[in-house]
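Inside the fold
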Amino acid sequence: GVSANGNYGSSAKLLCKTDGNADFTRESYLRFDVSSLSGTVGSAKLRLKVAETTGSGDTHTAYAVADDSWTESGIKWNNKPAAGSAIAAATAPAVDAWIELDVSAQVTAELAGDQTFSTELVSYHSKEAASSEDHPRLAVTMMAAPAPAAPTAVAALVNGSEIELNWDDSAADYYGVYRSINAGGPYTHLLDTTETSYLQTPAAEDVTYYYVVTALDSDGNESVYSAEVSATRTSPISIQSLNPTD
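Description of the structure in this document. (Residues numbered from 1 in each chain as written. Predicted model: local features only at pLDDT ≥ 70, side-chain atom pairs only at ≥ 80, totals over all residues. Heavy atoms only, no water.)

What follows concerns helix α1 (residues 104–111). Along α1, the residues classified as buried are Ser-104, Gln-106, Val-107, Glu-110 and Leu-111. Projected down its long axis, α1 shows its buried positions confined to an angular sector of 165°, all on one face. (Buried < 20%, exposed > 50% of the residue type's maximum accessible area, 1.4 Å probe, protein only. Helix = DSSP H or I, 4+ residues; strand = E, 2+ residues; numbered from the N terminus. Arc of directions from axis to C-beta.)

Spelled out as structure tokens, the structure:
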């Protein structure tokens with residue numbers, strides 16, 4: 001209608017309705033920057049607090065918006081991006097209650113794209129509401145990353161006075177090296193390394209050392225222990241020569 005070329009980005013309310021007279025239909029747009037998220041999205045819920053309502057039982061729907069180039073101070077009815085498919089819907093609750101829309105799939109898609117989540121909504125408090133407790137929220141729960149697989153092909157070899165430990169490269173960020181003088185542990189953590197080998201020098205004579213290795217990612221998730229290996233540096237044989245007594 002007559003307001004189609006106006007901008008209402010500073011309004012304290014998100015006005016939304018579908019009217020029999022198209023000149024009175026209202027839509028609101030929201031956008032969230034999700035670039036600070038890392039990992040896998042477990043769930044994402046868009047939460048909006050009802051500011052006012054003239055009835056009950058209305059279904060409000062969120063739609064995906066592919067074009068994230070719109071701005072809060074520049075968007076108007078006459079230049080608004082086109083709405084895509086519906087991504088979530090819920091029955092609008094009473095004033096001062098929260099509506100919650102599950103937008104997990106869309107947020108997951110945006111993380112793999114331009115990392116901006118934008119949606120059109122079908123009156124809720126905006127981020128200009130007087131109380132920050134009423135502001136729209138995008139509540140995202142991230143899934144914990146799975147721990148790496150344990151290193152394989154771990155081997156311990158005696159080389160002179162040293163024991164050399166090697167394992168296959170599993171593309172982990174780090175490897176943890178553990179040692180014990182008892183089979184099965186308990187193990188003492190020696191170090192974390194980006195290498196695929198460890199050199200114990202010198203190794204005590206006639207002591208059997210037991211080793212396990214773990215793999216770690218950059219978030220500190222650690223694998224289970226590798227298969228245990230062991231090595232013993234034995235004392236050198238002393239050969240003595242004696243003269244006969246008779």
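Okay, the sheet that holds strand β12 (residues 174–180) next. Strand order in the open sheet formed by four strands is β13-β12-β15-β16, and the pairing between neighbours is antiparallel. The outermost strands of the open sheet, each flanked by one partner alone, are β13 (188–193) and β16 (229–232). The sheet shows a mean angle of 25° between the axes of neighbouring strands, direction not considered. Pairing of strand β15 (residues 208–216) with β16 involves four bridges; the strand directions are antiparallel. (Pairing = 2+ DSSP bridges. Axes fitted to C-alpha atoms, helices over the stretch in contact; angles between N-to-C directions.)

Moving on to the packing of aromatic side chains. Describing an aromatic ring pair means giving the distance of the ring centres and the angle of the ring planes. The tally for this structure, following the rule as stated, stands at five aromatic pairs. Between Tyr-29 and Trp-70, the ring centres sit 5.8 Å apart and the planes meet at 70°, which makes this aromatic pair edge-to-face. In this pair, Tyr-29 sits in strand β2 (residues 28–33) while Trp-70 sits in the loop between β4 (59–64) and β5 (86–91), placing the two residues 41 residues apart along the sequence. Of the two residues, Tyr-29 and Trp-70, both sit in the buried class. Each ring, one from Tyr-187 and one from Tyr-225, has its centre 5.2 Å from the other, and the planes form 75°; the classification is edge-to-face. Linking Tyr-187 in the loop between β12 and β13 with Tyr-225 in the loop between β15 and β16, this pair joins segments that are 38 residues apart in sequence. In this structure, Arg-31 is placed above the aromatic ring of Trp-70, and the distance from its NZ or CZ to the ring centre is 4.6 Å. Note that Lys-80 overlies the ring of Trp-77, its terminal NZ or CZ placed 4.5 Å from the centroid. (Phe/Tyr/Trp six-rings, centres within 6.5 Å; stacked < 30°, edge-to-face > 60°. Lys NZ or Arg CZ within 6 Å of the ring centre and 35° of its normal.)

Interpretation note: all reported values are geometric properties and have no functional meaning in isolation.
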